[in-house]
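# Observations on the model geometry
Residue strings, one per chain:
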Amino acid sequence: MDPRPIGIFDSGMGGLTVLHECLVTLPHEDFVYLGDGARLPYGPRPLDEIRRFASEIASYLEHQGVKLIVAACNSATAAALPALQRRLSVPVVGVLSPEAHAAVLATRNRCIGLLATEATVTSGRYTELVRALDAGAEVVPVACPRLVPLIEGDDPFGEETAAAVREYATLLKDAGADTVILGCTHYPLIRPIFQRVFGRGVTLVFSAEETAREVAETLERKGIGNDESREGAYRFLTTGDPELFRAMGRRFLQLPIDAAEHVEVSALEAAAA
Ligand code: DGL
């Protein structure tokens, strides 16, 4: 039995959708979540810059004494997962391979669409992961730069978001994708829009459920789970505004957030030095 908490990070609040699933799947575990609100968004940034940010955060969490780290950000996972796994001594779970695996299992025509940030698409990591499982599968990637700002805006379920989803989806429908990876931690929040636009014939793959399953399996196989009879706790750190995190974070977590603690970016940089 291992009572240490699980560390989980994202560029901002999107990773709270992954934390939500982890809290449901592993209610007896403790979690510490770090959102890098001061440097959000990661999606339009170069991959080496995202890699540096992810490495700072993961090192900081490791110094906090976590037993496993979840990179709950598709852009950070795409840019940095191998580097994090080489650098850290605790297991690091990303959000890409659970989704790639689920998509390969789900597709019938082996044509898989991908909607994600520019960084995730540029990295080409989903194609590599899918091809490692099925060399004959095709991945059709579409970068969706408008979605994260719309989902974080005042009207995430408005006509502008629906129009953007419709436009991005057209490219995948034209390509004949029967399975679509929603490769960004923000996207579960507008799940009903994706479901309506794609219809029942297309299987949508979200990272949150798949990743929570992988975290649970990792804990079990490594024998580092906590006592299952207890109720776990969760706390939040942000490099951004703690009040904004608390207020907006609820939308993503769909559970109470009492408070968030501020962490200086310089403290993250120091952890990686
Ligand atoms: N968390 C990012 C991702 O999952 C989206 C937000 C951002 O661009 O930082 O790719």
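The notes below deal with the structure included here.

Summed over all chains, the structure comprises 6 aromatic pairs. Geometrically, the ring pair formed by Tyr 234 and Phe 236 is edge-to-face, given 5.6 Å between the ring centres and 75 degrees between the ring planes. Against the face of Phe 53 rests Arg 39, its NZ or CZ located 3.9 Å from the ring centre. The ring of Phe 206 carries Arg 191 above its face, with NZ or CZ at 4.0 Å from the centroid.

Strand order in the open sheet made by the 4 strands is S6-S5-S7-S8, with parallel pairing throughout. Edge positions in the open sheet fall to strand S6 (138-143) and strand S8 (203-206), since each of these has one partner strand only. With direction set aside, neighbouring strand axes in the sheet form an average angle of 20 degrees. One ladder, built from 5 bridges, connects strand S5 (residues 111-116) with strand S7 (residues 179-183); its direction is parallel. Of the residues in S7, the one forming a bridge with Leu 115 is Leu 182. Seen against the sheet, helix H6 (residues 125-133) touches S5, S6 and S7 and runs at an angle of roughly 165 degrees to S6. Sitting on the sheet, helix H9 (residues 191-198) touches S5, S7 and S8, and the angle it makes with S8 is about 155 degrees.

Attention now moves to the packing of helix H1 (residues 16-25) against helix H11 (residues 242-253). What describes two packed helices is the angle between their axes and the distance between those same axes. Two numbers describe how H1 lies on H11: the axes approach to 8 Å, and their chain directions differ by 60 degrees. One way to sum up the angle between H1 and H11 is to call them oblique. Considering only the axes of H1 and H11, their crossing is right-handed. Across the interface between the two elements, Leu 16, Thr 17, Leu 19, His 20 and Leu 23 from H1 touch Phe 245, Gly 249, Phe 252 and Leu 253 from H11.

This paragraph deals with the side chain of Thr 211. The residue Thr 211 is located in helix H10 (residues 207-222) in this model. Among all residues touching Thr 211, those that are not within four sequence positions of it are Val 18, Val 70, Val 93, Gly 94, Val 95 and Pro 98.

Rules of the game
- Residues numbered from 1 in each chain as written.
- Predicted model: local features only at pLDDT ≥ 70, side-chain atom pairs only at ≥ 80, totals over all residues.
- Heavy atoms only, no water.
- Phe/Tyr/Trp six-rings, centres within 6.5 Å; stacked < 30°, edge-to-face > 60°.
- Lys NZ or Arg CZ within 6 Å of the ring centre and 35° of its normal.
- Pairing = 2+ DSSP bridges.
- Helix = DSSP H or I, 4+ residues; strand = E, 2+ residues; numbered from the N terminus.
- Axes fitted to C-alpha atoms, helices over the stretch in contact; angles between N-to-C directions.
- Contact = heavy atoms within 4.5 Å.
- Parallel < 35°, antiparallel > 145°, perpendicular 65-115°, else oblique.
- Left-handed = near helix turned anticlockwise from the far one by under 90°.

Geometric descriptors of this kind do not, in isolation, establish any biological role.
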